[in-house]
Amino acid sequence: MSTPESSSLNSSHWGAFEPVVDGGRLTAVRPFARDPDPSDVINSLPDAVHHASRVAQPAVRVGWLRHGPGGSAREGRGADAYVSVTWERAFELIATELRRVIDSHGNQSIFAGSYGWGSVGRFHHAQSQLKRFMVRLGGFTGSRESYSTAAGVVLATRVLGSAQAVGGPATSWQSVVENTDLIVAFGGLPIRNTQVTVGGAIEHVTRGWLHKAKAAGVEFVNISPMRDDAAPFLDAEWLAPRPHSDTAIVLALAHTILTEGLHDADFLGRYAVGFDRFRDYLLGREGGAPKDAEWASRLSEIPADTIRALARRMANSRTFITMNWSLQRSDHGE
């Protein structure tokens, strides 16, 4: 019987881990010893590595393999079977097709668009490798921003001057704990979301900081259709809006703050550009009806009095606002 061996630390989207290998097979993982709150998801890695559904070698669609590009090869798309080929055959097919397309249509006709979320790290990042390859082949057509956070990045840059609010670096948890009275969380603060990052977190610290914030007296409002988007120990006030109505709630909060004179007019006069247009939009002078609490209530199904009360509470407290990326991944998410 072989003795299981451990190798050096590895990383995954769900955190760092030490693999346990028995007879050349990954049998278990041990979470990074200094991770205070490791994700249980890393325990699924051995099954993922050895699962029968993994693609063990290149595969090509039958119709394309028989007929080549174009014409009748298109007929089976979406329903055709795939057959396995050797790596050598796959390289030959790819090289031939790339050369055909470049010679016929130029390098700009090739979109190098793999996003690479399935990869961990930088060297094994699919998008980086694909673009590196295509640059050496003469170039390609790429994309701007990303499918993941494009709306947030574009809008935050124009409203706040940079995309830092979307991609970081963000306000530190230490600062939040020491300086915040109220956290208003659009989309909540689900700890499960903080268990996964692109490169893999070395230490999962969100749960611990939320405990510290609660102990420091910070209060929480969870604006989400799901109650468990805020951990039970936060005792968060739960406002359950109709999905896709977050923007209406934000506008109504701003409307209440404006019409009740709770805004910092001096700050806006010195540092903001375009507030007059936003004010006119809120008041209904442009763009239809006033964006007041009654208007938002009809869309969100949150009582108008609740929206107004929250606006006053936010204006009279040191309030920290968070918004999940998911909000900009929907209709009117910007």
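Parameters and conventions
Residues numbered from 1 in each chain as written. Predicted model: local features only at pLDDT ≥ 70, side-chain atom pairs only at ≥ 80, totals over all residues. Heavy atoms only, no water. Pairing = 2+ DSSP bridges. Helix = DSSP H or I, 4+ residues; strand = E, 2+ residues; numbered from the N terminus. Salt bridge = Lys/Arg side-chain N within 4 Å of Asp/Glu carboxyl O. Buried < 20%, exposed > 50% of the residue type's maximum accessible area, 1.4 Å probe, protein only. Phe/Tyr/Trp six-rings, centres within 6.5 Å; stacked < 30°, edge-to-face > 60°. Lys NZ or Arg CZ within 6 Å of the ring centre and 35° of its normal. Contact = heavy atoms within 4.5 Å.

**Q** What exactly am I supposed to notice about the pairing of strand β3 (residues 15-22) here?
**A** Consecutive side chains of a regular strand alternate in pointing toward one face of the sheet and then the other. As paired strands, strand β2 (residues 10-12) and β3 are joined by three bridges and run antiparallel to one another. By the bridge assignment, N10 is partnered in β3 with F17. Taking the residues between adjacent antiparallel strands as the criterion, β2 and β3 are bridged by two residues. One ladder, built from six bridges, connects β3 with strand β4 (residues 25-31); its direction is antiparallel. Bridging across to β4, F17 finds its partner in P31.

**Q** Is there a simple way to explain the pattern of salt bridges in this structure?
**A** Proximity of charged atoms lets side chains of opposite charge pair with each other. All told, the structure shown has 17 salt bridges when counted by the stated rule. With a shortest N-O distance of 3.3 Å, R61 and D80 are connected by a salt bridge. With a gap of 19 residues between them, R61 in strand β5 (residues 59-61) and D80 in the loop between α2 (62-67) and β6 (82-84) connect regions that are remote in the sequence. For R192, the salt bridge goes to D229, with nearest N and O atoms at 2.5 Å. Placement of R192 in the loop between β7 (182-186) and α8 (206-215) and of D229 in the loop between β8 (219-223) and β9 (237-239) is noted, with a sequence separation of 37 residues between them. R192 gets classed as partly exposed once you look at its relative accessible area, which sits at 43%.

**Q** Help me out: how do you make sense of the packing of aromatic side chains in this one?
**A** Aromatic ring pairs are described here by two measures, namely the spacing of the ring centres and the angle between the planes. Taken as a whole and assessed by the stated rule, the structure comprises two aromatic pairs. A ring pair is formed by W87 and F91, whose centres lie 5.8 Å apart and whose planes are at 40 degrees; its orientation type is tilted. Within this pair, W87 and its partner F91 are both found in helix α3 (residues 87-105), separated by four residues, close to a single helical turn. On the basis of an interplanar angle of 45 degrees and a centroid distance of 5.0 Å, the ring pair of F267 and Y271 is categorised as tilted. Highlighted residues: F267 and Y271, both in helix α10 (residues 265-271), separated by four residues, approximately one helical turn. Overall, the relative accessible area of 42% leaves F267 in the partly exposed class. Overall, Y271 belongs to the exposed group, its relative accessible area being 56%. Sitting over the ring of W209, K212 keeps its end group 4.1 Å from the ring centre.

**Q** Would you mind going over the environment of L299 with me for this structure?
**A** Residue position: L299 is located in helix α12 (residues 293-300). Put simply, L299 and A248 are 51 residues apart on the chain and 7.1 Å apart in space, counted from C-alpha to C-alpha. Those residues in contact with L299 that lie beyond four places of it in its chain are R242, S245 and A248.

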